[in-house]
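One letter stands for each residue in the lines below.
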Amino acid sequence: MTHEQTKPNVYAATARGDIHLHFMGMKGLNPAEAYSTCLVLVPEIETLHQTFSDALRRLYGKLPIAGQPRITRLRKGQSRFTVVDVAGNSVIFIKHGAPDDDDEGATPQSHSRLGKALRAAARLRDFRNDDAAAAKVLDLALAHDGPSDRIERARALAARLELSLAMHDEERARTLQTALSAMALHTEERAQVPELLAVDWLERSQR
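Calculation rules
- Residues numbered from 1 in each chain as written.
- Predicted model: local features only at pLDDT ≥ 70, side-chain atom pairs only at ≥ 80, totals over all residues.
- Heavy atoms only, no water.
- Helix = DSSP H or I, 4+ residues; strand = E, 2+ residues; numbered from the N terminus.
- Core = buried A, V, L, I, M, F, W, Y, C linked by side-chain atoms within 4.5 Å.
- Buried < 20%, exposed > 50% of the residue type's maximum accessible area, 1.4 Å probe, protein only.
- Contact = heavy atoms within 4.5 Å.
- Expected span 1.5 Å × (residues − 1).
- Arc of directions from axis to C-beta.
- Phe/Tyr/Trp six-rings, centres within 6.5 Å; stacked < 30°, edge-to-face > 60°.

Q: Would you mind showing me how to read the environment of Phe127 here?
A: With respect to the secondary-structure elements, Phe127 resides in the loop between helix H2 (113–126) and helix H3 (131–143). Placed 55 residues apart in sequence, Phe127 and Thr72 show a C-alpha to C-alpha distance of 9.1 Å.

Right, dumping it as structure tokens:
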């Protein structure tokens, strides 16, 4: 915090390194309807995400992943994440040099039903913060999927499991966990399912 004022208007300035963000208060603002967004380019993303996560957990007793404030989950290899403050402002942190591609890590080479669903769900989850819509996309693809690649199906199940945990849908999470366990993925196969890392991280964060 580099500056704080309460009168005549609420105002605060913050800094981390050479990045400075300023916030002002507005009467009558509904955080759920706020839309202000700021993009911040940073040299490193994973440690910064962990720093925010640790601080939010200390302050709120758990990691807020819904409502205001909240932080989006970070998959292995992902180049950006979003922190939404108590007033609904979204601050998106992006790694320097990251591709301008919101399908990163979502099997862009696959044109199967599951491959397309994984990409659509990633956009809804990571860029629109709409877990419910992402879950619906994956549910439809999993329900109507024909013969598919084993790893791709495991990725879709793991992505849907992570969403169930985020939305506190324990019954659905147990069903998906059973389906994943029944696949009996080998160590080499698990390494090809980065969504499992997101599941592991989210389970730890909610303890």
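Q: Can you help me understand the nonpolar core in this one?
A: Inside soluble globular proteins, nonpolar side chains tend to come together where they are buried. In this structure, Leu138, Leu161, Leu180 and Val193 are the most contacted members of the largest nonpolar core, which totals 27 residues. Elements that contribute at least two residues to this core include exactly H2, H3, helix H4 (150–166), helix H5 (170–182) and helix H7 (195–205). Broken down by element, the residue count for this core peaks at nine residues, all from H4. Excluding residues within four positions of it along the chain, Leu138 makes contact with Ala117, Leu118, Ala121, Ala156, Ala159, Arg160 and Leu163.

Q: Looking at this structure, how should I read helix H1 (residues 46–60)?
A: Along an α-helix, residues three or four apart share an orientation, since each turn contains 3.6 residues. The first and last C-alpha atoms of H1 sit 21 Å apart over 15 residues, in line with the 21 Å expected at 1.5 Å per residue. Along H1, the residues that are buried comprise Leu48, His49, Ser53 and Leu56. The buried residues of H1 all sit within an arc of 135 degrees when viewed along its axis, so they share a single face. Facing away from the buried side of H1 by over 90 degrees, the exposed positions are Thr47 and Arg58. Following H1 by one or two positions, Gly61 has its phi on the positive side, about 85 degrees.

Q: What is the right way to read the packing of aromatic side chains from this model?
A: Describing an aromatic ring pair means giving the distance of the ring centres and the angle of the ring planes. A full pass over the atoms with the stated rule returns three aromatic pairs. Here Phe52 and Phe81 contribute two aromatic rings whose centre-to-centre distance is 6.1 Å and whose plane-to-plane angle is 70 degrees, an arrangement assigned as edge-to-face. Of this pair, Phe52 sits in helix H1 while Phe81 sits in strand E6 (residues 80–84), and the two are 29 residues apart along the sequence. Seen from their ring centres, Phe52 and Phe93 are 5.2 Å apart, and the 45 degrees between their planes marks the pair as tilted. Here Phe52, found in helix H1, pairs with Phe93, found in strand E7 (residues 90–95); they are 41 residues apart in sequence, far enough to count as distant. The class of Phe52 is partly exposed, set by a relative accessible area of 26%. Owing to a relative accessible area of 7%, Phe93 belongs among the buried residues under this scheme.

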